Protein chains: 2
Amino acid sequence: MDILISEVGLRDGLQSIDRVLDIEVKKSWISAEAAAGVREIEVGSFVNYKALPQMADTAALVQFAKTIPGLTVAVLVPNLYGAKSALEAEVDVLSIPVSASETHSKLNVRRTHKQMIEEIRDIRAVIDELPESRRPHFSANVSTAFGCSIEGDVPVATVVDLAERMLDAGADEIGLSDTTGYADPRAVRERVRAVRSAIGKDKLLGVHLHNTRGLGLANALAALDEGITTIDSSLAGLGGCPAAPGASGNIVTEDLAFMLEAMGCKTGIDLEKLFEVRKVLAGGLPDEPLYGFVTDSGIPLGFSGSPQV
Amino acid sequence: MDILISEVGLRDGLQSIDRVLDIEVKKSWISAEAAAGVREIEVGSFVNYKALPQMADTAALVQFAKTIPGLTVAVLVPNLYGAKSALEAEVDVLSIPVSASETHSKLNVRRTHKQMIEEIRDIRAVIDELPESRRPHFSANVSTAFGCSIEGDVPVATVVDLAERMLDAGADEIGLSDTTGYADPRAVRERVRAVRSAIGKDKLLGVHLHNTRGLGLANALAALDEGITTIDSSLAGLGGCPAAPGASGNIVTEDLAFMLEAMGCKTGIDLEKLFEVRKVLAGGLPDEPLYGFVTDSGIPLGFSGSPQV
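Note that the structure is a prediction, hence the values are computed from the model and not measured.

Thoughts on the overall build of chain A
- The helix and strand tally for chain A stands at 13 helices and eight strands.
- In terms of overall size, chain A behaves like a compact globule, its C-alpha atoms giving a radius of gyration of 18 Å where 309 residues would be expected to give roughly 19 Å.
- Projecting the C-alpha coordinates of chain A onto the three principal axes gives extents of approximately 55 × 40 × 40 Å.
- Split into buried and exposed, the 309 residues of chain A put 54% on the buried side.
- Put simply, of all contacts in chain A between residues at least 6 apart along the chain, 72% involve residues at least 24 apart.

Structure follows, in structure tokens:
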């Protein structure tokens, strides 16, 4: 089984760290991770740079990443305005998050569900103006899909309804994001099944998980069991809250890649090379805690990885 | 689904820490965890106390723990000599580990598989001399069941063969232990299935997992999916290597209990009360890192736990 690990550390990881990482370090990170076999990297987001100066170099990073053969270059956009910049930069994948919690959506991007659906429709229209060969893959992700730290429980029906409307508005594919680290394996199974039965199996391929409560890899396993084939993760679990030891943000790319390879899934990743990329981060973000387990304990003796199957 | 969390921190956790925890702190730990709803606690082991002074108070702890209503009091024994002490102390559960890696077995307890099987046979004979009402549950665990840091790969056939021989020699039940943190979800499924198909489903009920490579809860999920109903874990993941940040030893009781309750499994545990028990550890082992995620991030807003199902 081929599983795509999509590295989101440069976007989701860095946006939650105050320090702005130097663009040369970011380039080294992208190069090294691509050289380790990571096939998709979300290099940044086209957002308001006054609010998120960490993302100000996204266009330059897209330009750089596009020179790496075989690498899928992804970005996040919050709205049509960001999408236009992404299209100008000729990204391969463009994704927009829509929060299932409307309270969170209003606070985060000052838009209701209805307004976000309109945004998706407008982005679709702009993409369709491009020649077919230049149209990026357009993904729309349901964020806070497993619960919201403001609203609490998010009903499955809300997630399904939103997924249907986002697809109808023109997204190529839907993803589910556990923005708040509220998911558990049962909820992952339940929600993946519910959304897939509403929009079709081939329209929900990816999940974005956080390890806030330590269940990240168990949730990833539940997603794999349901047939999910794309999993977002962040090198060294970047983006964890420094005030909470061990409470990493995104699931750790190194541990995820190790789990998948150990299970006989093919990620295309060379684990030892991937582990080396941490040095780039350690150099560029000297005060930032780097999370992960397998990088401390090492690969098991006699580990043969995916060729077992 | 009822799942039994068996707390092993007082044995597996403390044996890997140099400092000897004061018996009064151990008693507070046992009381507090039992009060939080933990139904089985391995309070120590009857081993050579010159080699493991941390375990010298095991008999006194058994005596204390037996006064707590409803608590199952378990101990580990390496041999017949230890088993006799355990029987004298009138434990509820007595378990003996046998390493699937014969190299590890020889180094660890200076005995071959054949000698360990004889040990089990001898323990069975001594148990059977007791009146039926006073016989403890006798569990034999295959340690290094997922790989060995000396031998590397441990063949499934070796694990199955050992399980069969241990049962034949008189163990009531077999457990599988990932002593080295080498397991992955696929291996857990494969080995649980293989052993169960050889010895019967009702003869393999428990697994003992480490979180060395971060896969602990994913492995626990794989075990649950196979119908395993007893999972060992350690409060605050005690027993981690202090040289490897984040690389906890056993899986963390708090995170495991949270995962199970979130999934709708019944553990009988009050999560908030369980989290409070960490203070006992923090007081008694001030320099020891306490692992776990959910205790840092807190229970999700609106979390309803197992009553959902």
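Now that the structure has been shown, we can carry on.
Focus: the relation of the copies chain A and chain B
- For the pair chain A and chain B, the best superposition has an RMSD of 0.0 Å and corresponds to a rotation of 180° with a translation of 0.0 Å parallel to the axis. Put plainly, the chains are arranged around a two-fold axis. It is A:Ala218 whose C-alpha, among those of chain A, lies nearest the rotation axis, at 1.9 Å.
- Here 100% of the contact residues of chain A are again contact residues in chain B; the copies associate through an equivalent surface.

Some details on the confidence of the model for chain A
- Per-residue confidence for chain A gives a mean pLDDT of 94; residues scoring 70 or more make up 96%.
- The complex prediction reports pTM at 0.96, with the ipTM value standing at 0.95.

What about the domain arrangement of chain A?
Residues and elements named next belong to chain A.
- Examined at the domain level, chain A breaks down into domain 1 (1–76 + 234–309) and domain 2 (100–228).
- Domain 1 and domain 2 are separated by 21 Å when their C-alpha centres are compared.
- Counting residues at the interface gives 10 residues for domain 1 and seven residues for domain 2.
- Residues of the side of domain 1 that touches domain 2, tallied by class, amount to five nonpolar, four polar and one charged.

Points about the environment of A:Ile127
Residue and element names in this part refer to chain A.
- Within the secondary structure, Ile127 sits in helix α6 (residues 113–128).
- Ile127 sits in the partly exposed class, given 19 other C-beta atoms within 10 Å.
- As a C-alpha pair, Ile127 and Val252 span 125 residues in sequence and 33 Å in three-dimensional space.
- Discounting residues that sit within four places of it in the chain, Ile127 has contacts with Leu87, Arg135, Pro136 and Phe138.

Considering the interface of chain A and chain B
- Taken residue by residue, the interface counts 38 residues in chain A and 38 residues in chain B.
- Residue assignment for the side of chain A that touches chain B shows that the elements contributing at least two residues are α8 (185–199), α9 (216–225), α10 (253–262) and α13 (294–297) of chain A.
- Looking at the side of chain A that touches chain B residue by residue, the class counts come to 20 nonpolar, 12 polar and six charged.

A closer look at the sheet that holds strand β3 (residues 72–76) of chain B
All names here are of chain B.
- The strand order around the closed barrel formed by eight strands is β1-β2-β3-β4-β5-β6-β7-β8, and the pairing between neighbours is parallel. Within the sheet, the average angular offset between the axes of one strand and its neighbour, ignoring direction, is 25°.
- Sheet analysis places strand β6 (residues 173–177) next to strand β7 (residues 204–208), joined by four bridges and oriented parallel. Bridge pairing in β7 places Gly175 opposite Gly206.

A word on the pairing of β6(B)
All names here are of chain B.
- Burial of β6 is extensive: five of the five residues sit out of reach of the surface.
- Every second residue of β6 is oriented toward a common face, with Glu173, Gly175 and Ser177 on one face and Ile174 and Leu176 on the other, all of them buried.
- Here strand β5 (residues 137–143) runs beside β6; their pairing, made up of four bridges, is parallel. Paired with Asn141 across the two strands is Gly175, which belongs to β6.
- Assessed by its sense of winding, the connection that carries the chain from β5 through helix α7 (residues 156–168) to β6 is right-handed.

Let's talk about the sheet that holds strand β3 (residues 72–76) of chain A
Residues and elements named next belong to chain A.
- With parallel pairing, the eight strands of this closed barrel are ordered in space as β1-β2-β3-β4-β5-β6-β7-β8. Taking each pair of neighbouring strands and ignoring which way they run, the sheet shows an average axis angle of 25°.
- Two elements, strand β4 (residues 93–99) and strand β5 (residues 137–143), share seven bridges in a ladder whose sense is parallel. Its bridge partner lying in β5, Pro97 is registered against Asn141.
- Most of the contacts of α10 go to strand β1 (residues 4–7), to which it runs at about 175°, and overall it touches β1 and β8 (230–233).

Criteria and thresholds
- Residues numbered from 1 in each chain as written.
- Chains lettered and ligands numbered in written order.
- Predicted model: local features only at pLDDT ≥ 70, side-chain atom pairs only at ≥ 80, totals over all residues.
- Helix = DSSP H or I, 4+ residues; strand = E, 2+ residues; numbered from the N terminus.
- Rg over C-alpha atoms; globule rule 2.2 N^0.38 Å.
- Buried ≥ 20, exposed ≤ 12 C-beta atoms within 10 Å, placed from the backbone.
- Contact = placed C-beta atoms within 7 Å.
- Least-squares fit on C-alpha atoms with pLDDT ≥ 70 in both.
- pLDDT = per-residue confidence, 0-100.
- Domains from an automatic or database assignment.
- Nonpolar A, V, L, I, M, F, W, Y, C, P; charged D, E, K, R; others polar.
- Pairing = 2+ DSSP bridges.
- Axes fitted to C-alpha atoms, helices over the stretch in contact; angles between N-to-C directions.
- Right-handed = clockwise from strand over helix to strand, strands pointing away.

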